[in-house]
Amino acid sequence: MKIVYYSPHPNLALNSPSGYGTHMREMIAAFEAGGHELFPVIMGGIEPAPGVGASTSWPKRFLKGIIPSFGWESMKDYLLLNKDLAFEQYLYEKLEEIQPDLVYERASCLQLSGVNAAAKFGVPHILEMNAPYVEERKDHFAITSAFERRAAKIEKQQLAGTSKAVVVSHVLKNYFVNKHALPIDKFVVVPNAVDPGKVNVDEARVAEIRHMPQLRGKTIVGFVGSLFKWHGVDQLVQATKLLKETGYNVALLVVGGGAILPELQGLAKGLSIENDVVFTDSVPHTEVFNYLAAMDITVLANSHWYGSPVKLFEYGALAKPVIAPGNGPVREVITAEVDGLLIENEFDLVRHLRRLINDPGLRDRLANSFHRKVMQEHTWRDNATRVLEQIGMFAPAEIN
């Protein structure tokens, strides 16, 4: 089957090291592994543009400094809407050229080009919605714009116009069903995943990491991922301080970069535990599993209410004991006290860390249980197969 993989956002590059880049590459590879012919149409390009994801150029910094936030974001949205009109025509021309059987789109806010072009061409369309983009902009990124109502209207048009919407949690599915009065069978729930074939560990490199001065001889508690406030890494830094004060020989390893990295480094220094914490900043994805392998306990202290953090599946792939928030999406993949320990209140993080440090047997039991679940139920190949099965593109017997 010919599948056009479409990403309409002009700033999201296929080979970006960020989570969205990993997600796009993995789904494309999973469809290809299933024997399908993939045609990526990525409006953000293959490689990240200079300056995207890094410091903004000085003209943009200057303009952003003198234009109120509401005006700046409104201008960006206006430009995005106009670009999407051009993208719709471009995509339609690509569909005429490729003659695909399916368009699979990674959705973005304010962009209808994928739904419209697929409908005009008369081909089935799948919309991957990884977040409530309209709410996310306000709640997590504090973005307000003159186009908020337009964004909500377009979100409904996207979901109503697609053949099926793929979401990462039942919580997110229920949100869209209730917000837009859509039928439940419009949605396919597919949590995120991992590719076991890419879990490569260099034991010599792992030994080097474990022998870093801040980590040597200690129980290593770790976090992997981009650093956003809602991940609760500050709570993990504070928990490390409490553990040190009560006699635990622990160290914290934080793998990833982000705007709040200096703030976290300052927090560790202010708590006088800078000699027990390693902040790596961003690392190549090929190095991530080496750092993960060096950890004794893995943690995601907090997460938003709708998402399916890829890092949890990476933790599971490495057979590491997991502490995670007890929200809806996490509970859909981790059974408390069976696959991991879940945080329900402000005291649970330190309490769970103490339990795992004191009980190696519990660490092994939880780690092995979640590892089996991830390998059996949460691989990208399984996700691609599940999506195509549930939209009826072919019978399960045809899948190899």
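Remember, it's a predicted structure, so these values are computed and weren't measured experimentally.

About the cut-offs
- Residues numbered from 1 in each chain as written.
- Predicted model: local features only at pLDDT ≥ 70, side-chain atom pairs only at ≥ 80, totals over all residues.
- Heavy atoms only, no water.
- Helix = DSSP H or I, 4+ residues; strand = E, 2+ residues; numbered from the N terminus.
- Rg over C-alpha atoms; globule rule 2.2 N^0.38 Å.
- Buried < 20%, exposed > 50% of the residue type's maximum accessible area, 1.4 Å probe, protein only.
- Contact = heavy atoms within 4.5 Å.
- Areas by Shrake-Rupley, 256 points an atom, 1.4 Å probe, with all protein chains shown as cover.
- Core = buried A, V, L, I, M, F, W, Y, C linked by side-chain atoms within 4.5 Å.
- Pairing = 2+ DSSP bridges.
- Axes fitted to C-alpha atoms, helices over the stretch in contact; angles between N-to-C directions.
- Patch = residues over 30% accessible without salt bridge, like charges linked within 9 Å, V, L, I, M, F, W, Y side chains within 5 Å.
- Salt bridge = Lys/Arg side-chain N within 4 Å of Asp/Glu carboxyl O.
- Right-handed = clockwise from strand over helix to strand, strands pointing away.
- Parallel < 35°, antiparallel > 145°, perpendicular 65-115°, else oblique.
- Left-handed = near helix turned anticlockwise from the far one by under 90°.
- Nonpolar A, V, L, I, M, F, W, Y, C, P; charged D, E, K, R; others polar.
- Expected span 1.5 Å × (residues − 1).
- Arc of directions from axis to C-beta.

**Considering the overall build of the chain**
Broken down by element type, the chain carries 16 helices and 12 strands. Computed over C-alpha atoms, the radius of gyration of the chain comes to 22 Å, within 12% of the 21 Å expected from 2.2 N^0.38 for 400 residues, which places it in the range of a compact globule. For the chain, the spread of C-alpha atoms along the principal axes amounts to about 65 × 60 × 40 Å. Among the 400 residues that make up the chain, the fraction classed as buried is 53%. In the chain, the share of contacts with a sequence separation of at least 24, taken over all contacts with a separation of at least 6, comes to 73%. Here the chain has roughly 17600 Å² of accessible surface; of this, 53% comes from carbon and sulfur atoms.

**A word on the nonpolar core**
Soluble globular proteins: nonpolar side chains tend toward being buried together. One finds Leu253, Val299, Ile323, Ile334, Leu349 and Leu353 to be the most contacted residues of the largest nonpolar core, which totals 63 residues. Every residue in contact with Ile334, bar those within four places of it in the chain, is listed here: Leu312, Val322, Ala324, Asp339, Gly340, Leu342, Phe370 and Lys373. Residues Leu81, Val134, Leu172 and Tyr306 belong to the second largest nonpolar core, which totals 27 residues.

**A few points about the sheet that holds strand S7 (residues 219-224)**
Taken in spatial order, the 6 strands make up an open sheet running S9-S8-S7-S10-S11-S12, and their pairing is parallel. Pairing within the sheet leaves two strands with one partner each, and these edge strands are strand S9 (277-279) and strand S12 (341-343). Strand-to-strand twist of the sheet, defined as the mean angle between neighbouring strand axes without regard to direction, takes the value 20°. Looking at chain direction, S7 and strand S10 (residues 297-299) are connected through 2 bridges and run parallel. The partner of Val221 across the bridge, within S10, is Ile297. Contacting S7, S10 and strand S11 (322-325), helix H12 (residues 310-317) crosses the sheet at an angle of about 140° to S7.

**Brief notes about unusual backbone geometry**
Phi at Gln99 takes a positive value of approximately 55°, unusual for a residue other than glycine. Of note, Gln99 is situated in the loop between helix H3 (69-98) and strand S3 (102-106). Judged by its relative accessible area of 46%, Gln99 falls in the partly exposed class. Unusually for a residue other than glycine, Leu110 sits at a positive phi of about 70°.

**Considering the sheet that holds strand S2 (residues 37-42)**
Read across the open sheet, the 6 strands follow the order S2-S1-S3-S4-S5-S6; overall the sheet is parallel. Looking at which strands have only one partner, the edges of the open sheet turn out to be S2 and strand S6 (187-189). Averaged over neighbouring strand pairs, the angle between their axes works out to 20° when direction is ignored. The pairing of S3 with strand S4 (residues 125-129) spans 4 bridges and is classified as parallel. Bridge assignment links Tyr104 to a residue of S4, and that residue is Ile126.

**Section: a nonpolar patch on the surface**
Residues Met75, Tyr78 and Leu79 make up a contiguous nonpolar surface patch of about 300 Å² in total accessible area. Note on placement: Met75 falls in helix H3.

**Section: the pairing of S4**
In terms of burial, S4 is largely enclosed, as 5 of its 5 residues are buried. By the alternation rule, side chains of S4 split into His125, Leu127 and Met129 and Ile126 and Glu128, which are all buried. A crossover connection joins S3 to the parallel S4 through helix H4 (residues 113-121); in handedness this β-α-β unit is right-handed.

**Concerning the environment of Gly258**
Turning to its location among the elements, Gly258 is positioned in the loop between strand S8 (250-255) and helix H10 (261-270). Looking at Gly258, the relative accessible area reads 34%, which means it is partly exposed. Taking C-alpha positions, Gly258 is 7.9 Å from Ser282, a pair spaced 24 residues apart along the chain.

**Brief notes about the packing of H12 against helix H15 (residues 360-377)**
Here H12 crosses H15 at 115°, and the two axes come no closer than 8 Å. Classified by the angle their axes make, H12 and H15 are roughly perpendicular. H15 is crossed by H12, and the crossing has left-handed handedness. Only Phe370, His371, Val374 and Met375 of H15 make contact with H12, whose side of the interface consists of Leu312, Phe313, Gly316 and Ala317. Broken down by class, the residue content of the contact of H12 with H15 amounts to 6 nonpolar, 2 polar and no charged.

**Digging into helix H9 (residues 233-245)**
With 13 residues, H9 should reach 18 Å at 1.5 Å per residue; the first-to-last C-alpha distance of 19 Å fits that figure. The set of residues buried in H9 consists of Val233, Leu236, Val237, Ala239, Thr240 and Leu243. Taken around the axis of H9, the buried residues stretch over an arc of 160°, which confines them to a single face. Each element contacted by the buried residues of H9 is listed here: S7, S8, H10, S9, S10 and helix H14 (348-358). Once H9 finishes, Gly247 follows within two positions and takes phi at roughly 90°, a positive value.

Fair warning: the whole summary comes from geometry, so function is off the table for now.
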